[in-house]
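Topology and contacts: notes
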Amino acid sequence: MADSRAVVGGLNIGQGKQVSTEGSSAGSMFRPSSSILPKGGRTNPGIEEKDLEASENKWPILVCLLGDFCILKGNYPLMLHGDKTATLVQLLALRKGKIVSREALLDTLWPGRTTALAGQSLNSLIYSLRKTVEGSVLEGGLILQQGGAYRLNTSAGVGVDIALFDNLVQSGHQARAAGEISFSNTCFIQAIRLYRGDLRIGSDINCAIERERLRASFLTVLAQMADTSFAAGDYA
């Protein structure tokens, strides 16, 4: 039997699980408390305010790879039909908006199948995803095609939680190094809120490395926040 795991950009991921919890309130964890948002219009060149407030108003579609895989439309999970549909989104989300060639998708999603049949299947998956997100404010849909390649439509407001997490952590460290502790804490708190769990997709060494990198970054943020609380005498 052909190996159904997908390999794109050095990352090997298994078939995704179907998400069937549309209408639940799982996305509520992404609503940040107003008390931890920047005050006075503070801006940071390393991050935009939309990265600090991952709500339906800022990210019409949010692809979540940390913890259980899901796609949030507004603050509610979408239902995906079929494991390969989920795997396609995961493949593109791991690339964080960078393009993935059509050939790479066909080879990894349908190994051994003829190019013509695999191409028809890919077109069907993309059409299904387009119908799934129909009615959103996205211009151009969830996935964009550029020549013979595809990418998530990040320019129209598709967010990826691991990209947002990395951006928040980096900006938090930069702000802390500049002595801007309050803004650094704001970034770190939002990063902690985004980290719903370890990266669970994939089984090869590259995914394991990415999983451990994200986990180490998360633990570093927790340690930084613990140090801040201890220095302030907040032991709760």
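Reading the values: the criteria
- Residues numbered from 1 in each chain as written.
- Predicted model: local features only at pLDDT ≥ 70, side-chain atom pairs only at ≥ 80, totals over all residues.
- Heavy atoms only, no water.
- Pairing = 2+ DSSP bridges.
- Helix = DSSP H or I, 4+ residues; strand = E, 2+ residues; numbered from the N terminus.
- Axes fitted to C-alpha atoms, helices over the stretch in contact; angles between N-to-C directions.
- Parallel < 35°, antiparallel > 145°, perpendicular 65-115°, else oblique.
- Contact = heavy atoms within 4.5 Å.
- Nonpolar A, V, L, I, M, F, W, Y, C, P; charged D, E, K, R; others polar.
- Salt bridge = Lys/Arg side-chain N within 4 Å of Asp/Glu carboxyl O.
- Buried < 20%, exposed > 50% of the residue type's maximum accessible area, 1.4 Å probe, protein only.

**Observations regarding the sheet that holds strand E5 (residues 76–77)**
Consider a sheet: its strands pair through backbone hydrogen bonds, and that pairing is either parallel or antiparallel. Spatial ordering of the open sheet is given by E5-E4-E3-E9, a layout of four strands whose pairing is mixed. Strand pairing shows two members of the sheet lacking a second neighbour, E5 and strand E9 (158–160), which therefore form its edges. Where strand E4 (residues 70–73) lies against E5, two bridges are found, and the strand directions are antiparallel. Residue Lys 73 lies in a different strand from E5, and its bridge partner there is Tyr 76.

**Quick look at the packing of helix H3 (residues 102–109) against helix H4 (residues 115–132)**
When two helices pack together, you describe them by how their axes are tilted relative to each other and by the distance separating the axes. The interhelical angle for the contact between H3 and H4, taken along N-to-C directions, is 100 degrees, at an axis separation of 10 Å. Judged by the inter-axis angle, H3 sits roughly perpendicular to H4. Seen from H3, the contacting residues are Arg 102, Leu 105 and Leu 106; seen from H4, they are Thr 115, Ala 118, Gly 119, Leu 122 and Asn 123. Residue composition of the contact of H3 with H4, by class: four nonpolar, three polar and one charged.

**Overview of the environment of Leu 129**
Within the secondary structure layout, Leu 129 lies in helix H4. The spatial distance from the C-alpha of Leu 129 to the C-alpha of Val 89 is 9.0 Å, given a sequence separation of 40 residues. In this view, Leu 129 contacts Leu 80, Thr 85, Leu 88, Val 89, Leu 142 and Ile 143; residues no more than four positions away in its chain are not counted.

**Details of the pattern of salt bridges**
Oppositely charged side chains are able to pair whenever their charged atoms sit close together. Scanning the entire structure with this criterion turns up six salt bridges. Salt-bridge contacts for Lys 96 lead to Asp 166; the nearest nitrogen and oxygen are separated by 3.1 Å. One end of the pair, Lys 96, is in the loop between helix H2 (83–94) and strand E6 (100–101); the other, Asp 166, is in helix H5 (residues 161–177), with 70 residues separating them in the sequence. Lys 96 sits in the partly exposed class, given a relative accessible area of 33%. Its relative accessible area of 18% is what places Asp 166 among the buried residues. In this structure, the salt-bridge partner of Asp 198 is Arg 215, at a minimum N-O distance of 2.5 Å. In this pair, Asp 198 sits in the loop between helix H6 (181–194) and helix H7 (205–231) while Arg 215 sits in helix H7, placing the two residues 17 residues apart along the sequence. A relative accessible area of 24% means that Asp 198 is categorised as partly exposed. Put simply, Lys 96, Asp 166, Glu 210 and Arg 213 are held in one network by salt bridges that share partners.

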